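This is what each chain is made of:
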Amino acid sequence: MDNQNHFIVISFPAQGHLNPTLQFAKRLLRTGAHVTYVTTLSAHKRMLESSSSSNPNTSSSHGLTYAPFSDGYDDGFKDGLDEADHFLSEIERRGSQALRELIKSAGASGGSGSVTCIIYAILVPWVAEVARDLQIPSVLLWIQPAMVFDIYYYYYNGYKDVISNNNNDPSYPIDLPNLPLLTCKDIPTFFLPTNLYTFALPLFEKQFEVFEEESKPVKVLVNTFDELESDALRAVDVSKISLIPIGPLIPSAFLDGQDLSDKSFGGDLVSVATTDEYKDWLDSKEEGSVIYVSFGSVSVLERQQMEEIFRGLTECGFPYLWVCREKNSKQEGKEAEAEEEESVLSRIKREGSEQGKIVSWCAQVEVLSHPSIGCFITHCGWNSTLESLVGGVPLIGFPQWTDQGTNAKLIEDVWKIGVRMRVNEETKIVGREEVSRCVKIVMGNSEMKRNAKKWKELAKEAANEGGSSDRNLKWFVETKG
């Protein structure tokens, strides 16, 4: 018997947004609902092994319906920050039109086709306005930790000066209600004077304006779980906004086991043969002996920083698996520098071949679930943080931008499952001695390992049948948003 619920899930086309929203869509599917996943054509191409030729019309895979739309950048946005405003305006203009047409088409089909609720992730607040115009419920899926939501909430609710007057001063205290004491390195980088991404705060401001326009209390779904952020989930005015934890949103095979075929790794589509080059290598290592190093799908380290990390890893003596991406010379427009970096990477691969392994890609959730992994040197992206937590792996944080500094704060001071590397104030890089120091601390710290194992078990309990996140998701579906 068909479930009459029809949910639309819509995501900004960045990789860190696609992974959790796609996992959420799959969770909804398991409730028996019909789910349509909406994002741009460029993102759709990355997500699927083969797109429906060049046809942008709705396609379907594994019970999930895809409805990609063109934002005018069908090969992906490759321009610089100067063009970001135009890119975002085109996503809003074209996305709003596509969403209206999709909802109209679904309504015309009747029955289970009619849209029950629209769930949208961050950076696309215009979705809520389209939904309101068409009198359809909409709900934000917050894909960062609850504590980051709290910081934005306070910024737009009376604490703007407290947060923005930090002047990059690491000693300046940022004291917000019901949150740990923070400093400038612990808040999203969009609040800092050095922020280059000026488009970000207006989008978050628009999101909170959407909340203010609601006539009833707002519900926000959060990619976390109650046991992990119980205080942060209740830090805001719950009479106005309810934060509902439904995470962690990672593939089922590594979490609740309800769908063992769900081993998707988010849009980086690489054949199984590619994984053989490092999987056998991991299998040959002792339990808890390998350092896994990856800085996500966006950050590319400068040559000197790569060198310092390599020297620090060499000094430690532990085997390591390092996911290291190369700069795109066409994108950067600096072919000579890219060639020089490539030579640095080639030298590192050659000199470190006996101790470590460097690859351009890996199935990260699978790697973090491998028994040989002893710690994870990470940029502290929220997806990577949750994946490490579910794998029971302690972390070494090297945050770069957006929410990553806050995540590092949680890792080190709240959950106590890792440390944060200190940047040298003169050179603005993390030196080899600091890399070595942090690795030795984490690899030899039994308390961090116990804490990591504790959070692993609690994460799985939350996602399993009857767990807190499972109950919250079922309640959300039953109440139809």
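Residues numbered from 1 in each chain as written. Predicted model: local features only at pLDDT ≥ 70, side-chain atom pairs only at ≥ 80, totals over all residues. Heavy atoms only, no water.

Examining unusual backbone geometry
The omega torsion of the bond from Gly247 to Pro248 falls at 0°, within 30 degrees of zero and hence cis. Mapped onto the fold, Pro248 is located in the loop between β8 (241–245) and α8 (272–283). The backbone phi angle of Leu123 is positive, close to 75°, even though this residue is not glycine. Mapped onto the elements, Leu123 comes out in the loop between β5 (117–121) and α4 (126–133). Judged by relative accessible area, Leu123 falls into the buried class, the value being 15%. For Cys380, which is not glycine, the phi torsion reads 70° and is therefore positive. Residue position: Cys380 is located in the loop between β12 (373–378) and α13 (382–391). (Helix = DSSP H or I, 4+ residues; strand = E, 2+ residues; numbered from the N terminus. Buried < 20%, exposed > 50% of the residue type's maximum accessible area, 1.4 Å probe, protein only.)

Points about the confidence of the model for the protein chain
Taken over all residues, the pLDDT of the protein chain has a mean of 89, while the share at 70 or more is 89%. Below pLDDT 50 for its whole length, residues 50–57 participates in six contacts with residues either more than four positions away or in separate chains. Across residues 265–273, confidence stays below pLDDT 50; counting only partners more than four residues off in sequence or on other chains, it has 21 contacts. (pLDDT = per-residue confidence, 0-100. Contact = heavy atoms within 4.5 Å.)

A closer look at the sheet that holds strand β13 (residues 395–397)
By definition, the strands of a sheet pair up through backbone hydrogen bonds, in either a parallel or an antiparallel sense. An order of β11-β10-β9-β12-β13-β14 is seen for the six strands of this open sheet, with the pairing classed as parallel. This sheet does not close on itself; its edge strands, each paired only once, are β11 (356–359) and β14 (418–420). Across the sheet, the mean angle from the axis of one strand to that of its neighbour is 15°, orientation sign disregarded. As judged from the four bridges shared by strand β10 (residues 320–323) and β11, these two strands associate in the parallel manner. Residue Leu321 lies in a different strand from β11, and its bridge partner there is Lys357. Together, β13 and β14 form the strand contacts of helix α14 (residues 404–414), whose direction differs from that of β14 by roughly 135°. (Pairing = 2+ DSSP bridges. Axes fitted to C-alpha atoms, helices over the stretch in contact; angles between N-to-C directions.)

Things to note about the packing of aromatic side chains
On inspection of all chains with the given rule, the structure shows 26 aromatic pairs. Aromatic pair Tyr197 and Trp401: ring centres 4.7 Å apart, planes at 45°, arrangement tilted. Remark: Trp401 occurs in the loop between β13 and α14 and Tyr197 occurs in the loop between α6 (160–164) and α7 (200–213); sequence separation between them is 204 residues. With a relative accessible area of 25%, Trp401 lands in the partly exposed category. (Phe/Tyr/Trp six-rings, centres within 6.5 Å; stacked < 30°, edge-to-face > 60°.)

As for the environment of Val414
Position of Val414 among the secondary structure elements: in helix α14. Judged by its relative accessible area of 37%, Val414 is partly exposed. For the pair Val414 and Leu228, spaced 186 residues apart in sequence, the C-alpha to C-alpha distance is 9.6 Å. The residues touching Val414, leaving out its near neighbours within four places in the chain, are Pro180 and Lys409.

Some remarks on the state of the cysteines
A full pass over the atoms with the stated rule returns zero disulfides. Unpaired in this structure, Cys375 has its nearest cysteine sulfur neighbour in Cys316, at a distance of 8.5 Å. (Disulfide = S-S within 2.5 Å.)

Some remarks on the pattern of salt bridges
Pairing of side chains with opposite charge becomes possible as their charged atoms draw close. One pass over the full model with this rule turns up 24 salt bridges. Note that Arg234 is salt-bridged to Asp226, the shortest N-O span being 3.0 Å. For Glu366, the salt bridge goes to Lys279, with nearest N and O atoms at 4.0 Å. Separated by 87 residues along the polypeptide, Glu366 in helix α12 (residues 364–368) and Lys279 in helix α8 bring together distant segments of the chain. (Salt bridge = Lys/Arg side-chain N within 4 Å of Asp/Glu carboxyl O.)

Concerning the packing of helix α5 (residues 146–155) against α14
Across the interface, α5 lies against α14 with an axial gap of 9 Å and an inter-helix angle of 130°. By the angle class used here, α5 and α14 are oblique. The way α5 lies across α14 gives a crossing that is right-handed. Of α14, the residues touching α5 (which contributes Met147, Val148 and Ile151) are Thr406, Asn407, Lys409 and Leu410. The residue inventory of the contact of α5 with α14, partitioned by class, reads four nonpolar, two polar and one charged. (Parallel < 35°, antiparallel > 145°, perpendicular 65-115°, else oblique. Left-handed = near helix turned anticlockwise from the far one by under 90°. Nonpolar A, V, L, I, M, F, W, Y, C, P; charged D, E, K, R; others polar.)

Observations concerning the packing of helix α16 (residues 446–463) against helix α17 (residues 468–478)
Relative orientation of the contacting elements α16 and α17 amounts to 25°, with a least axis distance of 4 Å. The orientation of α16 with respect to α17, classified from their angle, is roughly parallel. Judged by residue contacts, Glu461, Ala462 and Ala463 of α16 engage Ser468, Ser469 and Asp470 from α17. Residue composition of the contact of α16 with α17, grouped by class: two nonpolar, two polar and two charged.

Looking at helix α9 (residues 303–316)
A rise of 1.5 Å per residue sets the reference length of α9, with its 14 residues, at 20 Å; its end C-alpha atoms lie 20 Å apart and thus fit the reference within 8%. Along α9, the residues classified as buried are Gln305, Met306, Glu307, Glu308, Ile309, Phe310, Gly312, Leu313 and Cys316. The first or second residue beyond α9 is Gly317, which carries a positive phi of 90°. (Expected span 1.5 Å × (residues − 1).)

A look at the environment of Asn5
Turning to its location among the elements, Asn5 is positioned in the segment before β1 (6–10). When the C-alpha positions of Asn5 and Cys117 are compared, they lie 8.2 Å apart, and in sequence the two are 112 residues distant. If near-sequence neighbours (up to four positions away) are discounted, Asn5 is found in contact with Ala33, His34, Thr116, Val477 and Lys480.

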